[in-house]
Amino acid sequence: AQKVTQAQTEISVVEKEDVTLDCVYETRDTTYYLFWYKQPPSGELVFLIRRNSFDEQNEISGRYSWNFQKSTSSFNFTITASQVVDSAVYFCALSEPYSGAGSYQLTFGKGTKLSVIP
Amino acid sequence: EAQVTQNPRYLITVTGKKLTVTCSQNMNHEYMSWYRQDPGLGLRQIYYSMNVEVTDKGDVPEGYKVSRKEKRNFPLILESPSPNQTSLYFCASSSQGGRNEQFFGPGTRLTVL
């Protein structure tokens, strides 16, 4: 079973529409961290947000918002009023304890390709 | 400027010819890692390092080696590359043992013929 599932492989929206990217994760640990990264067509990976497992407060940053729900093991990402510049592949990732030596292993979802059409 | 650098950015090689992809960071991060990105598979961790001389396998370590002799450098070594190692490789670094955001290098596109 995948530890991080991004069920939407590709999404297309028309500019100014709202869009939500889903992320479901699986872990047995009580302490873990969740991330979203953006990979624009130029290829670099850009950090968007980090959330620890004890902080379920939703976050808003401009047109971006994140909804973290431990009850459903989900960490969804919403872009409001999408723009062409939002076109990218978005990755959700889970960092959880590994090997008991204080290390954390990061697992990425397979990504969702978002295309915003003008 | 805080950054992670990788070299080379592009490499075409032949099966069996040993190669090294270098990675260096200037943020004094203790945690560094290597990922490969393949279409439809996302990013998969190859190896990571918690600190100097401390390395561990990620999800797809077969065919790769790493070393961490200095805090800033974390080279990825392919002793005998094969075509299935054709991929886009990213190096990353992070503070707090991987619990914080990863800073990624620009990527190395490797083609093994």
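In this text the structure is predicted, and so the values were computed from the model without any measurement.

**Focus on the overall build of chain B**
Across its full length, chain B holds zero helices and 11 strands. Put simply, chain B runs from its N terminus to its C terminus through helices and strands in the order β-β-β-β-β-β-β-β-β-β-β. Its C-alpha atoms give chain B a radius of gyration of 13 Å, within 12% of the compact-globule value 13 Å for 113 residues. Each of the three principal axes of chain B carries a C-alpha extent, and together these read 40 × 30 × 25 Å. By the burial criterion, 51% of the 113 residues in chain B qualify as buried. Taken as a whole, chain B presents about 5200 Å² of accessible surface, with 50% of it coming from carbon and sulfur. If the 13 positive side-chain charges of chain B are averaged to one point and the 10 negative ones to another, these points end up 5 Å apart.

**Some points on the overall build of chain A**
Looking only at helices and strands, chain A has zero helices and 12 strands in total. What you see in chain A, going N to C, is helices and strands ordered as β-β-β-β-β-β-β-β-β-β-β-β. Here the C-alpha atoms of chain A give a radius of gyration of 14 Å, agreeing with the 13 Å that 2.2 N^0.38 yields for 118 residues. Here the C-alpha coordinates of chain A stretch approximately 50 × 30 × 25 Å along the principal axes.

**Thoughts on the state of the cysteines**
In protein structure, a disulfide is the covalent linkage between the sulfur atoms of two cysteines. Residue and element names in this part refer to chain A. For the structure on display, the rule yields two disulfides over all chains. One disulfide bridge connects cysteine 23 with cysteine 92, the sulfur atoms lying 1.9 Å from each other. When the S-S torsion is -65 degrees, as for the bridge of cysteine 23 with cysteine 92, the disulfide is left-handed. Linking cysteine 23 in the loop between strand 3 (19–21) and strand 4 (24–25) with cysteine 92 in strand 10 (residues 88–98), this pair joins segments that are 69 residues apart in sequence.

**A look at the sheet that holds strand 1 (residues 4–7) of chain B**
Residues and elements named next belong to chain B. The strand order across the open sheet built from four strands is 1-3-8-7, with neighbouring strands paired in antiparallel fashion. In this open sheet, the two edge strands, each paired with only one partner strand, are strand 1 and strand 7 (65–66). As paired elements, strand 1 and strand 3 (residues 19–25) share four bridges and run antiparallel to each other. Each residue of the ladder has a partner; that of asparagine 7, found in strand 3, is threonine 22.

**Details of the confidence of the model for chain A**
For chain A, the mean per-residue pLDDT works out to 92, and 96% of the residues sit at or above 70. At the level of individual helices and strands, chain A shows its lowest average pLDDT in strand 11 (residues 103–108) of chain A, which scores 84, and its highest in strand 3 of chain A, which scores 98.

**Notes on the nonpolar core**
Formed by 23 residues in total, the largest nonpolar core has its most connected members in Trp36(A), Phe77(A), Tyr90(A) and Leu114(A). Put simply, the parts of the chain that give this core at least two residues each are strand 2 (10–14), strand 3, strand 5 (33–39), strand 8 (64–69), strand 9 (74–79), strand 10 and strand 12 (112–117) of chain A. Broken down by element, the residue count for this core peaks at four residues, all from strand 10 of chain A. Residues in contact with Phe77(A), not counting those within four places in the same chain, are Val19(A), Thr20(A), Leu21(A), Trp36(A), Leu48(A), Tyr64(A), Ser65(A), Trp66(A) and Tyr90(A). In this structure, Val21(B), Leu76(B), Cys91(B) and Val112(B) belong to the second largest nonpolar core, which totals 19 residues.

Procedures and definitions
- Residues numbered from 1 in each chain as written.
- Chains lettered and ligands numbered in written order.
- Predicted model: local features only at pLDDT ≥ 70, side-chain atom pairs only at ≥ 80, totals over all residues.
- Heavy atoms only, no water.
- Helix = DSSP H or I, 4+ residues; strand = E, 2+ residues; numbered from the N terminus.
- Rg over C-alpha atoms; globule rule 2.2 N^0.38 Å.
- Buried < 20%, exposed > 50% of the residue type's maximum accessible area, 1.4 Å probe, protein only.
- Areas by Shrake-Rupley, 256 points an atom, 1.4 Å probe, with all protein chains shown as cover.
- Lys, Arg positive; Asp, Glu negative; His and termini not counted.
- Charge placed at Lys NZ, Arg CZ, Asp CG, Glu CD.
- Disulfide = S-S within 2.5 Å.
- Pairing = 2+ DSSP bridges.
- pLDDT = per-residue confidence, 0-100.
- Core = buried A, V, L, I, M, F, W, Y, C linked by side-chain atoms within 4.5 Å.
- Contact = heavy atoms within 4.5 Å.

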